[in-house]
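Per-entry structural report
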Amino acid sequence: MQESFVDSAPIRNLLDRAAGLDGDGGDARLKAIMRDLLEATARVIVRHDVTESEFWGAVKYLQDSAGEIGLIVPGIGLEHFMDLYMDAKDAEAGLAGGTPRTIEGPLYVAGAPLVEGPDVNLTVDPDDTTSLYMTGQVRGPDGEPVRNAIMHVWHADSQGWYSHFDPTKEQTPFNNRRRIKLGDDGRYAFRSKMPKGYSVPPGGATDVLMKAVGRHGNRPAHVHFFIEAPGYRQLTTQINFGDDPFAHDDFAFGTRAGLLPVPMRQGDSASITFDFEMQRAVDQEDEKFSTRARLEV
Ligand code: DHB
Ligand code: FE
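Residues numbered from 1 in each chain as written. Chains lettered and ligands numbered in written order. Predicted model: local features only at pLDDT ≥ 70, side-chain atom pairs only at ≥ 80, totals over all residues. Heavy atoms only, no water.

1. Side note on the site of ligand 1
Threshold: Residue proximity to a molecule or strand is established when one non-hydrogen atom of the residue lies within 4 Å of it. Helix and strand definitions here come from DSSP, where helices need a minimum of 4 consecutive H or I residues and strands a minimum of 2 consecutive E residues; each element is numbered from the N-terminal end. Note on residue categories: nonpolar means Ala, Val, Leu, Ile, Met, Phe, Trp, Tyr, Cys or Pro, charged means Asp, Glu, Lys or Arg, and polar means any other residue, Gly included.
In the neighbourhood of ligand 1, the contacting residues comprise L71, P74, I103, G105, P106, L107, Y162, Y198, R219, H222, H224 and F251. The set of elements that each furnish at least two residues to the shell around ligand 1 consists of α4 (69–75) and β8 (222–228). In terms of residue class, the shell around ligand 1 is made up of 8 nonpolar, 3 polar and 1 charged.

Shown next as structure tokens:
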């Protein structure tokens, strides 16, 4: 069957009506996007001659995978695509420089304890592994220290589990999660226990999809950051350990050049010095987080 079947009058009419284009009600932008999504789906079906059984297999997969949708989106590269798209729009608008953004991932939890230095410790649960010491400075485009920033930090434990998402249920709430209030010098320092790389839940929907396309579901060990400060653009980023076996093979496409520091390992401790550069906010919207739904505790 030719793909032009999708352009025939009866199919165009169906897609128009399905997206509500024949009526005045509803949201015009949503209706236009839905029309294009339906047409794109129809084209894929015709181009690949998707059978009725394959079609309902796909519907069943979507139905069963709802709980893991936040894991699947980075796994199929769409969360990274959004980063590349925002980067490209920034470049077009003449906005460049600063620490690269990279994916937030699905495992942030709002409401972590707000703490101040000098001795910030993220790990409250016992974890018999290497200690991590991370230090650095948050600066602006002219090298100035960013004043009064809040740095949100979160990472996995030595088993690769995040508190609040740990199937063993053994972690204290907000273990390895803090919001750190920085001062006028923009300097930060914290200690914690080294995270292990993350792997998608075995046998789960993400794992099933990755295996079906001949891929794996592993991420290198990493530490997530949000940084917010008055007058600066909110930054979502993460560092991935440059010496991890998956440092250049991250299933979630979250590793980026400039965000792969190699920890200095010495005995049972490791240290990383990493400076962040924030962009200046153009308007107040820039200072805010996206309205992505996040677990709040
Ligand atoms: C996923 C897990 C992470 O820890 C992360 O940072 C990004 C993505 C995931 O399971 O898809
Ligand atoms: Fe993560």
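Moving on, there is more to tell.
2. Points about the sheet that holds strand β6 (residues 177–181)
For clarity, the threshold we go by: Strand pairing follows a simple DSSP-based rule, namely that at least 2 bridges must link the two strands. The axes are straight lines fitted to the C-alpha atoms, using for helices just the contacting stretch, and the angles between their N-to-C directions are given from 0 to 180°.
The sheet built from 5 strands is open, its strands ordered β2-β6-β5-β8-β9 with mixed pairing. Strands with a single pairing partner mark the edges of an open sheet, and in this sheet they are β2 (114–116) and β9 (235–240). The mean inter-strand angle of the sheet, taken between neighbouring strand axes irrespective of direction, is 30 degrees. Two strands pair when backbone bridges link them, and strand β5 (residues 150–155) and β8 are joined in this way by 6 bridges, in the antiparallel orientation. Bridge pairing in β8 places V153 opposite F225.

3. Overview of helix α2 (residues 28–47)
Threshold: A helix is expected to reach a length of 1.5 Å times the quantity of its residues less one. Working definition: with a 1.4 Å probe on protein chains only, accessible area under 20% of the residue-type maximum means buried, over 50% means exposed, and in between means partly exposed. Think of it as the arc spanned by the lines of direction from the helix axis to the C-beta atoms. Residues adjacent in sequence count toward polar contacts only when both atoms are side-chain atoms; beyond that, a polar contact is any pair of N or O atoms within 3.5 Å, and within protein one must be able to donate a hydrogen and the other to accept it.
Over its 20 residues, α2 runs 29 Å from end to end, which matches the ideal 28 Å to within 8%, given 1.5 Å per residue. Within α2 the residues assigned to the buried category are K31, R35, A42, R43 and V46. Axial view of α2: buried residues confined to an arc of 110 degrees, hence all on one face. Turned more than 90 degrees off the buried face of α2, the exposed positions are R29, L30, D36, L37 and R47. If you check the start of α2, you find a side-chain oxygen 3.1 Å away from the backbone N of R29, and it comes from D27.

4. Looking at the coordination of the iron ion (ligand 2)
Cut-off, in case you're wondering: Coordination shells were defined by N, O and S atoms within 2.8 Å of each metal, extended to 3.2 Å for Na, K and Ca; water is absent from the atom set, which can make sites look incomplete.
Looking at the metal site, the iron ion (ligand 2) is ligated by Y162 (OH), H222 (NE2) and H224 (NE2), spaced 1.9 to 2.1 Å from it. The sequence motif formed by the donor residues of the iron ion (ligand 2) is Y-x59-H-x1-H. On the criterion of sequence distance, the pair formed by Y162 in the loop between β5 and β6 and H224 in strand β8 is long-range, its members being 62 residues apart.

5. Describing the packing of helix α1 (residues 9–18) against α2
To keep it simple, the criterion reads: Comment on the angle field: the value is read as roughly parallel under 35 degrees, roughly antiparallel over 145, roughly perpendicular from 65 to 115, and oblique elsewhere. Take the far helix as your reference; a near helix turned counterclockwise from it by less than a right angle gives a left-handed crossing, and one turned clockwise gives a right-handed crossing. Note on contacts: a residue pair qualifies if any of its non-hydrogen atoms lie within 4.5 Å across the two residues.
For the pair α1 and α2, interaxial distance at closest approach is 9 Å and the crossing angle is 140 degrees. Relative to α2, the element α1 lies oblique. Crossing of α1 against α2: the hand is right-handed. Together, R12, L15, D16 and A18 of α1 and M34, R35, L38 and E39 of α2 make up the contact between the two elements.

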